[in-house]
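Structure assessment
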Amino acid sequence: MAAEKDKDLEKFLKDVDDITKLVQELNSDDQSVREKAFCEADRRISSHPETELIEGCRTKVNKTSVNTLPSSQLNGPRSPQMEEMSQDGFLAALEQDAQERAERRKENEVLANALKDMGNEAFAKGDYETAVLRYTEGLDRLKDMQVLYTNRAQAHNKLGKYKEAITDCEWALRLQVTNSWRKAPEHDYNKLLQSGSDIKPAARASSRGKRQCNEKCIKAYVHMGKANLGLKDYGEARNCYQKILEIDHKHGKLVKDYLNEVDFQEQKVIQEEKALEEFALGKETLVSVKELLQKLSKINQAPAYYAGGIRLLTVTMQNCTERTIFRTCNGFSTIGDNKVISRCLEKDGKDPMEVELCVAVIALWHEACIENDENQRLLVTHPGIEGCILSLLSSGVPDIQKECLDLLAYLARNQNGRLLLISHFDPTRLLQCLLGFVKSSDSQARTAIGLLASLAVEEKFKIHYQSNFAKTGLPSFLDVLKNMKMVTAAVVPECIAVMLSLSLDAAIRLQMSDSEDLWKACLGALDECQLTSNDTDCANTLLALLSLMVNMSLESTQAMKGCALDVASRCLALLNSKNGSILTKTVGVLSRFLVHCPLAVDEAVKGGAVKKLIHFLKGSGQITSGYAAKALAACTRSSTQAREDVVKSDKKFTVLMKLLHSENEVIAGNAALCLGYCMSVPGAPASLLKSDILKVLLTYAGGDAKEVALQQNAAIALGKLCTAEPRFIDELRKLNGIEILNSCMKYIELL
């Protein structure tokens, strides 16, 4: 049946090509080509099953006249009149036939789409057989509907019918999209025929059907790759996924995930084949693994019996092959489904032997997962394992907790393991459990926070918290910041680093910035650190806090603005630090807050911030200079005292002129803004008369800057400079910059 349908579709596609070619030849400028085309058209009409010969005329069953000339005359010499009549008759019939086909196609499209939707509903419910049936019915209505082939291929994959899936994908890729005259983008072919107009070659080219192989069907390559993976044809699966990259390189991450899965499955098969081969040869350790599992499958034995057997099994498994035999002999089910072992794992109060059994089981799981991705997957996805491990993490028994942490830490060492944990464990509960270790021993605390840090870098972990971090994740971190004295000092910076990693996500960062409690906790932690600033751990915590605050301040929220004054006062005290990294982050925090709070500016200016900022700008790196220039611009914008301090600290504007020539246009823009504000200080403009300030500002203001802000700031500075010091006007005329100056006035008025 399938072969017959394939032949039908092949014939349908070939007919479309033939008719398209025939129409082209009927309109050919070559008379011999037209003659041949007319004969072929008559042959096709006479041989059509719906056409019969009546009284020498070719007439369709529906009585539509196709050609009014006798058949005998059609085979003889043709006069121009005969040629015109024959052409008109055939094209009129072709037009009517096209209209009828178009109407039937519209009806079939409606039915096919309805069947597709029904198939999609069945697929969503997991009823893949019904889905295949509906997609097939849809294809009976519309054989060239590509999505039905790809959808049916996906359903076939779910049913394990991989060859059928590949066939559907091949049809989807071979299917040629016909842009026939009914879909001509620039010309209506039928109207041109009816009007009798001469059809230009360009018009014919755009109107007639043009077949293109639809090689860009990414879904088809995805499903074909999965089908080949199911058939264990790993090379062909890779080829399918690589084809996606050739079509669109933007799918790099998707392709990488698919290729990783191919590698994973291939490695799994190789491991199992090797293990079975060596087992068949009677390798002692492999036989021992199987025998031990058989002994452990005995029911209702004492906990000591199972603990001893599991310890021995753990020692026996020392390489990947032995761990693979453990898996193929259903080792995880043998251990996990044992009622005595299960009771010991779930029971809250444990006697020493039960503790020993729990520790032995977790150690066995850990050993089984080493360098064996499939074992890791089976363990993490084993029913009830999530609740079991999270419960054991909270058990309060140090030995059990240590084994659990070591197991999870090993799983999180690579991305596949991390994604397994994130996908099959509740991230919120896991985070809360791990942060609960910050008050434990140094070793356990470091392991727990290190594990959390490795999870926090994953996009899926952040996605989990995008909508509810303020309620589910933030309270646990707040508890750490508010109780720093009770927390292992060495892990506090690492806890904050986890928050910093999460703050890279805009949605999470907004929730952080909008939390008054978090800002207050950060300020309290800053105070705590400054009291013991000589301590290395406190210095690391201080740096982590400032980095977090820089990120949080990227979002302008009411909570942030409300604490601006308190933040400014803390930062002023930190500007005396001798730690370069702390200074950079402190200036970074200041630059973000001073923009939003005039009171904070006044506090900073009174505290001598301007002089310190100028000092930083004289010899700091680009990052510190960028922060300092922004902070200085914020100060000079709203404070007259700040402008005067700049003039006193930077005579002849040496520092600002240097910044103005910076390759970093953000730094240059803030320097230009500072210069513009400082032009209101008496005598300040005159100090620039012998500099090249005018040329530099004209260059930027005239549109030679990539950053719009730099162009605008340079225009403001240029206007204020010439307004404050008329002697610049003469030089401006020499440089033909009057028009630029006039265009600057709108910026000055808005200032």
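Residues numbered from 1 in each chain as written. Predicted model: local features only at pLDDT ≥ 70, side-chain atom pairs only at ≥ 80, totals over all residues. Heavy atoms only, no water.

1. So, the overall build of the protein
Check the secondary structure of the protein and you find 44 helices and 5 strands. Long-range contacts, defined as pairs at least 24 residues apart, comprise 69% of the intrachain contacts of the protein with a sequence gap of at least 6. Carbon and sulfur atoms provide 50% of the accessible area of the protein, an area that totals close to 37,000 Å². (Helix = DSSP H or I, 4+ residues; strand = E, 2+ residues; numbered from the N terminus. Contact = heavy atoms within 4.5 Å. Areas by Shrake-Rupley, 256 points an atom, 1.4 Å probe, with all protein chains shown as cover.)

2. Some words on the side chain of Asn 372
Following the sequence through the fold, Asn 372 ends up in the loop between α18 (352–369) and α19 (373–381). With relative accessibility at 0%, the residue Asn 372 sits in the buried group. One polar contact links Asn 372 to Arg 327, side chain to side chain, over a distance of 2.8 Å. Those residues within four positions of Asn 372 in sequence are excluded, and the remaining contacts are Gln 271, Cys 320, Arg 323, Thr 324 and Arg 327. (Buried < 20%, exposed > 50% of the residue type's maximum accessible area, 1.4 Å probe, protein only. Polar contact = N/O pair within 3.5 Å; in protein donor to acceptor, adjacent residues only side chain to side chain.)

3. Quick notes on the pattern of salt bridges
The final tally for this structure, using the stated rule, is 20 salt bridges. Of the charged contacts, one joins Glu 266 and Arg 238 as a salt bridge, the two residues approaching to 2.5 Å between their closest N and O atoms. Taken as a pair, Glu 266 in helix α12 (residues 252–280) and Arg 238 in helix α11 (residues 234–247) lie far apart in primary sequence, 28 residues in all. Glu 266 sits in the partly exposed class, given a relative accessible area of 25%. (Salt bridge = Lys/Arg side-chain N within 4 Å of Asp/Glu carboxyl O.)

4. Re the packing of aromatic side chains
Summed over all chains, the structure comprises 8 aromatic pairs. Ring centres of Tyr 465 and Phe 469 lie 5.7 Å apart, and the angle between their planes is 85 degrees; on these two criteria the pair is classed as edge-to-face. On the basis of an interplanar angle of 40 degrees and a centroid distance of 6.2 Å, the ring pair of Phe 469 and Phe 477 is categorised as tilted. For the pair Phe 469 and Phe 477, one class covers both residues: buried. Members of the aromatic cluster, connected to one another through ring pairs, are Phe 461, Tyr 465, Phe 469 and Phe 477. Over the ring of Trp 171 we find Arg 174, and its NZ or CZ is 4.5 Å from the ring centre. (Phe/Tyr/Trp six-rings, centres within 6.5 Å; stacked < 30°, edge-to-face > 60°. Lys NZ or Arg CZ within 6 Å of the ring centre and 35° of its normal.)

5. A few points about the side chain of Glu 725
As for its position among the elements, Glu 725 is in the loop between α42 (708–724) and α43 (727–734). A distance of 2.8 Å separates a polar atom in the side chain of Glu 725 from a polar atom in the side chain of Arg 727. Residue contacts for Glu 725: discarding those within four places in its chain leaves Pro 685, Ala 686 and Leu 689.

6. Some points on the packing of helix α29 (residues 506–513) against helix α31 (residues 536–552)
Remark: α29 packs on α31, axes separated minimally by 9 Å, with the N-to-C direction vectors making an angle of 105 degrees. In terms of axis orientation, α29 runs roughly perpendicular to α31. For the pair formed by α29 and α31, the contact residues are Arg 509, Met 512 and Ser 513 on the first element and Leu 548, Asn 551 and Met 552 on the second. Classifying every residue of the contact of α29 with α31 by side-chain character gives 3 nonpolar, 2 polar and 1 charged. (Axes fitted to C-alpha atoms, helices over the stretch in contact; angles between N-to-C directions. Parallel < 35°, antiparallel > 145°, perpendicular 65-115°, else oblique. Nonpolar A, V, L, I, M, F, W, Y, C, P; charged D, E, K, R; others polar.)

7. Here's the deal with the nonpolar core
By size, the foremost hydrophobic cluster in this structure holds 172 residues, and its most contacted members are Phe 653 and Leu 660. By residue number, the principal contributor to this core is α18, which donates 11 residues. Among residues more than four places away in sequence, those in contact with Leu 660 are Ala 668, Ala 671, Ala 672, Leu 675, Ile 693, Val 696, Leu 697 and Tyr 700. Judged by nonpolar contacts, the second largest core, of 36 residues, contains Leu 173, Tyr 221, Val 255 and Val 262. (Core = buried A, V, L, I, M, F, W, Y, C linked by side-chain atoms within 4.5 Å.)

8. A word on the confidence of the model for the protein
With 81% of its residues at a pLDDT of at least 70, the protein reaches an overall mean of 82. Model confidence for the protein, summarised as mean pLDDT per element, is weakest for helix α9 (residues 201–207) at 36 and strongest for α29 at 96. Below a pLDDT of 50 lies the segment residues 50–74, which in the model reaches 43 contacts outside its immediate sequence neighbourhood of four places, other chains included. Predicted confidence is poor over residues 176–214, with pLDDT under 50, and the contacts of this stretch with residues over four places away or in other chains come to 60 contacts. (pLDDT = per-residue confidence, 0-100.)

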